[in-house]
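Listed below, chain by chain, are the residues.
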Amino acid sequence: MGWEALGQWGKDAVRIGPLAGGVANDVWSVRVDGQIAVGRLGSRTDADLAWETELLQHLDRKGMHVPVPIPTTDGRLFVDGLVVMKYMEGGPPETEADWRRVADTLRELHRLTRGWPQRPGWQSSTDLLHAETGTRIDLAAMPPEGVIRCRAAWARLVGRQTCVVHGNPSNSGNVRMTADRVALIDWDESHVDVPDLDLVLPGNAADLDDAAHHIAAQASAAWEAAVCWRDEYAVRRLAEVRAV
């Protein structure tokens, strides 16, 4: 159905203009019921979108600032790959203090989602010690020597508690800040994994000790190399993963 599905949010629902940042999805500013919102159209399964929208509703109920999904006129949270979400005001983090607030927000996310089920079709970093594929990851497409390095980085995370991770919070474009709140947007890469993967932030804002930061940074670089393979960014990230 494509963007024609936007009509399910009401006769006056319209697209306004494309938004920057969409890679796997087509993201637009939309107007629904007279309010500015964000529409995201992609190819994720209904099970995948049900997981994400349920997560955002849960976090919203717990007081976190997230782009909570806006229901259609008949109460659905997505239609044919289209999700419409609340528009989040604010700007990106700019100072060390800003990033420390982001770290605190991420730790609250992690606290609120311990024991959360895995996103359908996804694998965690430690699952990939044995699995070859998961959503956008296909380790068979990577150089075998690179896979060995990635798996060695992920092996250091075995046995740790897991929770939902945002997946890309170090990208300042995924954070909207005001004086009194921090909002995380773009949950397309969120899944269940080890929380330290979210805490490799500019200036070590999460205050990880040297050993923890090194382990997390290596595992994070390995994850990004795998999930983005094989664009130039993924090649650079793989080069950062050292042999153990």
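Bear in mind that the values here come from a model prediction, so they are computed numbers and not experimental data.

Caption draft 1: Quick peek at the pattern of salt bridges. Counted by the stated rule, this structure contains 14 salt bridges. Across the pair arginine 119 and aspartate 48 runs a salt bridge whose closest N-O atoms are separated by 2.9 Å. You can see arginine 119 sitting in the loop between α2 (96-112) and β5 (133-134) and its partner aspartate 48 sitting in helix α1 (residues 46-61), a full 71 residues away along the chain. For arginine 119, a relative accessible area of 1% corresponds to the buried category. With a closest N to O distance of 4.0 Å, glutamate 96 and arginine 100 form a salt bridge. With glutamate 96 and arginine 100 both in helix α2 and four residues apart, this pair spans about one turn of that helix.

Caption draft 2: Seen up close, the packing of aromatic side chains. Tallying each qualifying case throughout the model produces one aromatic pair. Its end group placed over the ring of tryptophan 28, arginine 15 keeps NZ or CZ at 4.2 Å from the ring centre.

Caption draft 3: Broad picture of the sheet that holds strand β3 (residues 35-41). The four strands lie next to each other as β1-β2-β3-β4, forming an open sheet whose pairing is antiparallel. Sheet topology places β1 (14-18) and β4 (82-86) at the edges, where each strand pairs with a single neighbour. Each strand of the sheet is rotated relative to its neighbour by a mean of 35°, with strand direction disregarded. Relative to strand β2 (residues 26-32), β1 runs antiparallel, the two sharing four bridges. Looking across to β2, one finds that proline 18 is bridged to tryptophan 28.

Caption draft 4: Local environment of α2. An ideal rise of 1.5 Å per residue puts 24 Å on 17 residues; α2 measures up with 25 Å between its terminal C-alpha atoms. Every buried residue belonging to α2 is among Asp98, Trp99, Val102, Ala103, Thr105, Leu106, Leu109, His110 and Leu112, and all of these are buried. Close packing links the buried residues of α2 with α1, β7 (163-165), β8 (175-177) and β9 (182-184).

Caption draft 5: Main features of the state of the cysteines. In total, this model carries zero disulfides according to the counting rule given. Among the cysteines around cysteine 150, which has no disulfide bond, cysteine 228 carries the closest sulfur, lying 12 Å off.

Thresholds, definitions, all that
- Residues numbered from 1 in each chain as written.
- Predicted model: local features only at pLDDT ≥ 70, side-chain atom pairs only at ≥ 80, totals over all residues.
- Heavy atoms only, no water.
- Salt bridge = Lys/Arg side-chain N within 4 Å of Asp/Glu carboxyl O.
- Helix = DSSP H or I, 4+ residues; strand = E, 2+ residues; numbered from the N terminus.
- Buried < 20%, exposed > 50% of the residue type's maximum accessible area, 1.4 Å probe, protein only.
- Phe/Tyr/Trp six-rings, centres within 6.5 Å; stacked < 30°, edge-to-face > 60°.
- Lys NZ or Arg CZ within 6 Å of the ring centre and 35° of its normal.
- Pairing = 2+ DSSP bridges.
- Axes fitted to C-alpha atoms, helices over the stretch in contact; angles between N-to-C directions.
- Expected span 1.5 Å × (residues − 1).
- Contact = heavy atoms within 4.5 Å.
- Disulfide = S-S within 2.5 Å.

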